[in-house]
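# Working through the structure, step by step
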Amino acid sequence: MKKIASFIILALAFASSAQAVIVQKIYMKDGSVLSGYIQKQDDNGNLTFHSDIAEICLKSKDVTISNEKNYSVNELDKAWVDWAEENEAFEGAGNNRTLYLADVTSKSKTVSRVKIIERGELVRYLQMTPDVYLIAWKDVMAIKGEKRSKTALSGINRIFQLKSGMEFEGEYAEETDSLLTLYLNNGIRQSFKINDVIKYTFRPINPNQDIFAQSELLNIVKTKNGNETKGIIIEQNYTSNNDTENYFLVQQQSGAIQSIKLSDIVETRKEENPKFDPKFDVLLKEGDVLINRQEVFITSISEKGENNVLDSLSEQVVIKKDPQNNTRVTVEYRNANGANVEAYQVVKVNKIENKKEKKTVYGVSYRDLVNSTIRPVSIETSVNHTTKAEYIVGGQGVFALYDAKNKKAIPFIIK
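The rules behind the values
Residues numbered from 1 in each chain as written. Predicted model: local features only at pLDDT ≥ 70, side-chain atom pairs only at ≥ 80, totals over all residues. Heavy atoms only, no water. Helix = DSSP H or I, 4+ residues; strand = E, 2+ residues; numbered from the N terminus. Rg over C-alpha atoms; globule rule 2.2 N^0.38 Å. Buried < 20%, exposed > 50% of the residue type's maximum accessible area, 1.4 Å probe, protein only. Contact = heavy atoms within 4.5 Å. Areas by Shrake-Rupley, 256 points an atom, 1.4 Å probe, with all protein chains shown as cover. Lys, Arg positive; Asp, Glu negative; His and termini not counted. Charge placed at Lys NZ, Arg CZ, Asp CG, Glu CD. Pairing = 2+ DSSP bridges. Core = buried A, V, L, I, M, F, W, Y, C linked by side-chain atoms within 4.5 Å. Salt bridge = Lys/Arg side-chain N within 4 Å of Asp/Glu carboxyl O. pLDDT = per-residue confidence, 0-100. Arc of directions from axis to C-beta. Polar contact = N/O pair within 3.5 Å; in protein donor to acceptor, adjacent residues only side chain to side chain.

### With respect to the overall build of the protein chain
- Scanning the protein chain for helices and strands turns up 2 helices and 33 strands.
- Relative to the compact-globule value of 22 Å for 415 residues, the protein chain shows a C-alpha radius of gyration of 28 Å, a clear excess of over 25%.
- Overall size of the protein chain, expressed as C-alpha extent along the three principal axes, is 90 × 60 × 40 Å.
- Counting only residues that meet the buried cut, the protein chain has 45% of its 415 residues in that class.
- Summarising the internal contacts of the protein chain: among those between residues at least 6 apart in sequence, 62% fall at separations of at least 24.
- About 22100 Å² of surface is accessible on the protein chain, with carbon and sulfur atoms providing 46% of the total.
- Considering the protein chain, the positive charge centre built from 55 side chains and the negative charge centre built from 55 side chains are found 3 Å apart.

### Remarks on unusual backbone geometry
- With a phi close to 50 degrees, N67 is a non-glycine residue in the positive phi region.
- With respect to the helices, strands and loops of the structure, N67 is situated in strand β5 (residues 64–72).
- Taking relative accessible area as the criterion, N67 reaches 43% and is therefore assigned partly exposed.
- The backbone of H385 shows a phi angle near 65 degrees, a positive value even though the residue is not glycine.

### Quick notes on the pairing of strand β19 (residues 257–261)
- Strand direction decides the pairing type here: strand β18 (residues 247–251) and β19, joined by 5 bridges, are antiparallel. Its bridge partner lying in β19, Q251 is registered against I257.

### Considering the nonpolar core
- Counting 22 residues, the largest nonpolar core has I26, L34, F49, V104, Y125, I135 and I143 as the members making the most contacts within it.
- Listing elements by their share of this core, those giving two or more residues are β2 (24–28), β3 (33–42), β4 (47–59), β6 (98–105), β7 (110–118), β8 (122–127), β9 (131–135) and β10 (140–145).
- The dominant element in this core, judged by the number of residues it contributes, is β4, at 4 residues.
- Core analysis: the second largest hydrophobic core is formed by 19 residues, L184, Y200, V221 and L262 among them.

### Regarding the pattern of salt bridges
- Tallying each qualifying case throughout the model produces 21 salt bridges.
- Across the salt bridge formed by E169 and R203, the nearest N and O atoms sit 2.4 Å from each other. Taken together, the residues span a long stretch of sequence, with E169 in strand β12 (residues 167–175) and R203 in strand β15 (residues 197–204) at a distance of 34 residues.
- Its relative accessible area of 33% is what places R203 among the partly exposed residues.
- Of the charged contacts in the structure, one is a salt bridge between E332 and R293, with a shortest N-O distance of 2.7 Å. Residue E332 is located in strand β26 (residues 327–334), and its partner R293 is located in the loop between β21 (289–291) and β22 (294–295); the two are separated by 39 residues in the primary sequence.
- Judged by relative accessible area, which is 43%, R293 ranks as partly exposed.

### Structural notes on the sheet that holds β21
- The strand order across the open sheet built from 5 strands is β22-β21-β26-β31-β30, with neighbouring strands paired in antiparallel fashion. Looking at strand neighbours, the two that pair on one side only are β22 and β30 (378–381), the edges of this open sheet.
- The sheet contact formed by β26 and strand β31 (residues 386–393) spans 8 bridges and is antiparallel. Its bridge partner being in β31, V331 is matched across the sheet by A389.

### Quick word on the environment of V309
- Among the structural elements, V309 can be located in strand β24 (residues 307–310).
- On a C-alpha basis, the gap between V309 and N350 in space is 9.5 Å, while along the polypeptide they are 41 residues apart.

### With respect to the confidence of the model for the protein chain
- Scored by pLDDT, the protein chain has a mean of 89; 93% of the residues are at 70 or more.
- Predicted confidence in the protein chain is weakest over strand β1 (residues 11–12), with a mean pLDDT of 36, and strongest over β18, with 98.
- Contacts of residues 1–18 to residues separated by more than four positions or lying in other chains number 72 contacts, the stretch itself having pLDDT below 50.

### A short note on helix α1 (residues 78–86)
- Residues of α1 that are buried: W80, V81, W83 and A84. The buried side chains of α1 occupy one side of the element, clustering within an arc of 165 degrees when seen end-on. In this structure, α1 carries K78 and E86 as exposed residues pointing more than 90 degrees from its buried face.
- Contacts from the buried residues of α1 go to β6, β7 and β8.

### Details of the side chain of R124
- Tracing the backbone through its elements, the reader meets R124 in strand β8.
- On the basis of relative accessibility, which here comes to 18%, the residue R124 falls in the buried class.
- A polar contact is formed between the side chain of R124 and the side chain of E55, at a distance of 3.4 Å.
- Excluding anything up to four places from it in sequence, R124 contacts G31, E55, I56, C57, K115, I116, I117 and E118.

So this is what it looks like as structure tokens:
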């Protein structure tokens, strides 16, 4: 059970998923590549893989291609439209664009509306509809994980403990029938003999976010007595030569942690996690500022008596007012020198009548800067030195991020 077993291709019926969940890719010895996640594994090493995208390679003598035709862009689902646009596969222009698809029949199944990408001795096709495959390890070349982006602030790391006592932490990268590989935090791949790893620990990378919000999938562990435990596996322990002493630890939604003997486990399954709530960072240069992920306009401030007057309101970020009058304003900026430092004051900008020049200007009084600023409800700085400050702003009208040190302001409107 320690080794992830895998798969003979044999498709099963599967209900379509609303959104693709791709956390692994299985590379098969025949050239096929399945993208999705391992859905089920039993104690005999049989594995069920849920694919959202599949590139299937078969011998041409084993397949029949039929119903080849051009489908208009209006007949295609979003997955095919996105793929065709990204790969410049459409013919024609605008609403007259078409994509050439076909049906493929093999010994085990028929798949409809697939893209033929190779003909000849082999037939290779791309399938964009969800499907399920049963798999045997002898046909697998490697299983690879999808690497997190640099801006990901959520996810699960693995900590491998070796027989030697050494520990390595990183992101799941790859496994074969003999090796396991991690992406270490320095970007280097570290490989291990599978039999040298005696304990796997799973750790959420964001300490400010619940583990259930950081995992795309839930684990379901079934035991010989028919009981099932659903949650997230946080440890797999193989330190003993006796499976009755080895165990899995499963953290449940309630926070309870269940220990399950390896010898009692008959099956593990995975399903999509409805609590998954990934967070992503932005990479900013010094001086860059975003409000609700919108680019901003920075204006200078001039002192006019007791007021600080904005030199311009020609360009502003517009934010839709919350119906409950509590509008969330998220400000992001680069902060390379200090973590969780508030660089701006949020203030209401008022009309000021300049009687001398006979015109209306917009500004903030010194009194308002002292008594009426809006403080952030949360502030945190990421590993990429991006500070995110969140404010709850009541009312509507013109507001500004006020930078007293540099005599600058960033206006925005809530309406």
